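# Residue-level structural notes
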Amino acid sequence: MTPVLPQIANADIVAVLQTAMAPAFLLVGLGAMLNIFTGRLARIIDRSRVMQDRFKETTGEEHALCVNELRDLQLRIKYVNSAIYLSVVSAIVVCILIGLLFAMGLTGNPVLAQSVAVAFIIAVILLSLALIQFFREVRIGIRDFMIREEYLEKTDNNDR
């Protein structure tokens, strides 16, 4: 049985570090996305609190509009929360990927190559799903942001 430490000492550490840099950049990007997602979530929660206060004060058509917006806000919370969850799981898989790359580079074990590929594919799929959920939330937010017709004054000038 050969000692492991001399094998690691003989490994090309610089090459291993260079190989692990690409997933590390992916991890940085995921962190930035998580920052955006949590910022959106905070704004949605703030808006839902305002709408919950308005809920108690409204009646008739205004109350129905308030209820519809609250439903959309709940859906947006669900989508952003899902995007956050998928992004965090993707980041965890990227961390595992970096560990696998180091293990493969330091031990020279080619069997780990398949695990590295699978981990990368899983991370990218999770990232894609997170972006889809974020897209869905943004679409609802844009729809809710549209100015209702009753607030747009009609003019005789059709040039606009």
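What comes next is a walk through the structure.

Turning to the overall build of the chain, a few remarks are in order. What the chain contains, in helices and strands, is four helices and zero strands. Tracing the chain from N to C terminus, the helices and strands come up as α-α-α-α. By the burial criterion, 29% of the 160 residues in the chain qualify as buried. Residue pairs at least 24 apart in sequence account for 78% of intrachain contacts in the chain once pairs closer than 6 positions are excluded.

To continue, consider the packing of aromatic side chains. All chains considered together, the criterion is met by one aromatic pair. Plain terms: the ring middles of Phe37 and Phe134 are 4.8 Å apart, the flat faces sit at 40° to each other, and that makes the pair tilted. Residue Phe37 is located in helix α2 (residues 13–57), and its partner Phe134 is located in helix α4 (residues 112–145); the two are separated by 97 residues in the primary sequence. For the pair Phe37 and Phe134, a shared accessibility class is recorded, and that class is buried.

The grouping of Phe120, Ile121, Val124, Ile125, Leu129 and Ile132 at the surface amounts to a nonpolar patch, some 510 Å² of accessible area in total. Relative to the assigned elements, Ile132 resides in helix α4.

This part is about α4. Under the 1.5 Å per step criterion, the end-to-end length of α4 is 49 Å for 34 residues, consistent within 8% with the ideal 50 Å. Where α4 is concerned, the buried positions are Leu112, Val116, Ala119, Ala123, Leu126, Leu127, Ala130, Gln133, Phe134, Glu137, Ile140 and Gly141.

Moving on, we get to the pattern of salt bridges. Side-chain pairs of opposite charge can arise where the charged atoms are in close proximity. Within the structure shown, the criterion is met by five salt bridges. Residue Glu137 is joined to Arg76 by a salt bridge in which the shortest nitrogen-to-oxygen separation is 2.7 Å. In this pair, Glu137 sits in helix α4 while Arg76 sits in helix α3 (residues 60–107), placing the two residues 61 residues apart along the sequence. Given a relative accessible area of 0%, Glu137 falls into the buried group.

Further remarks concern the nonpolar core. Of all hydrophobic cores here, the largest spans 30 residues; its most connected members are Phe37, Val80 and Ile84. Of all the elements in the fold, those that place two or more residues in this core are α2, α3 and α4. Those residues in contact with Val80 that sit more than four places away from it in its chain are Phe37, Leu41, Ile44 and Glu137.

At their nearest, the axes of α3 and α4 sit 8 Å apart, and the two run at 160° to each other. With respect to their mutual orientation, α3 and α4 come out roughly antiparallel. For the pair α3 and α4, the crossing hand works out as left-handed. Taken together, the residues of the contact of α3 with α4 sort by class into 26 nonpolar, seven polar and six charged.

Within the secondary structure layout, Ser87 lies in helix α3. The buried category is assigned to Ser87, whose relative accessible area is 0%. Not counting residues up to four positions away in its chain, the partners in contact with Ser87 are Leu30, Met33, Leu34, Phe37 and Ala130.

Time to look at the environment of Phe55. If you trace the backbone, Phe55 turns up in helix α2. Apart from the residues within four sequence positions on either side, Phe55 is in contact with His63, Cys66, Val67 and Leu70.

On to the side chain of Ser48. Along the chain, Ser48 falls in helix α2. Apart from the residues lying within four places of it in its own chain, the contact partners of Ser48 are Leu70 and Leu73.

Conventions adopted
- Residues numbered from 1 in each chain as written.
- Predicted model: local features only at pLDDT ≥ 70, side-chain atom pairs only at ≥ 80, totals over all residues.
- Heavy atoms only, no water.
- Helix = DSSP H or I, 4+ residues; strand = E, 2+ residues; numbered from the N terminus.
- Buried < 20%, exposed > 50% of the residue type's maximum accessible area, 1.4 Å probe, protein only.
- Contact = heavy atoms within 4.5 Å.
- Phe/Tyr/Trp six-rings, centres within 6.5 Å; stacked < 30°, edge-to-face > 60°.
- Patch = residues over 30% accessible without salt bridge, like charges linked within 9 Å, V, L, I, M, F, W, Y side chains within 5 Å.
- Areas by Shrake-Rupley, 256 points an atom, 1.4 Å probe, with all protein chains shown as cover.
- Salt bridge = Lys/Arg side-chain N within 4 Å of Asp/Glu carboxyl O.
- Expected span 1.5 Å × (residues − 1).
- Core = buried A, V, L, I, M, F, W, Y, C linked by side-chain atoms within 4.5 Å.
- Axes fitted to C-alpha atoms, helices over the stretch in contact; angles between N-to-C directions.
- Parallel < 35°, antiparallel > 145°, perpendicular 65-115°, else oblique.
- Left-handed = near helix turned anticlockwise from the far one by under 90°.
- Nonpolar A, V, L, I, M, F, W, Y, C, P; charged D, E, K, R; others polar.

Shape is all these values report; function is a separate question.
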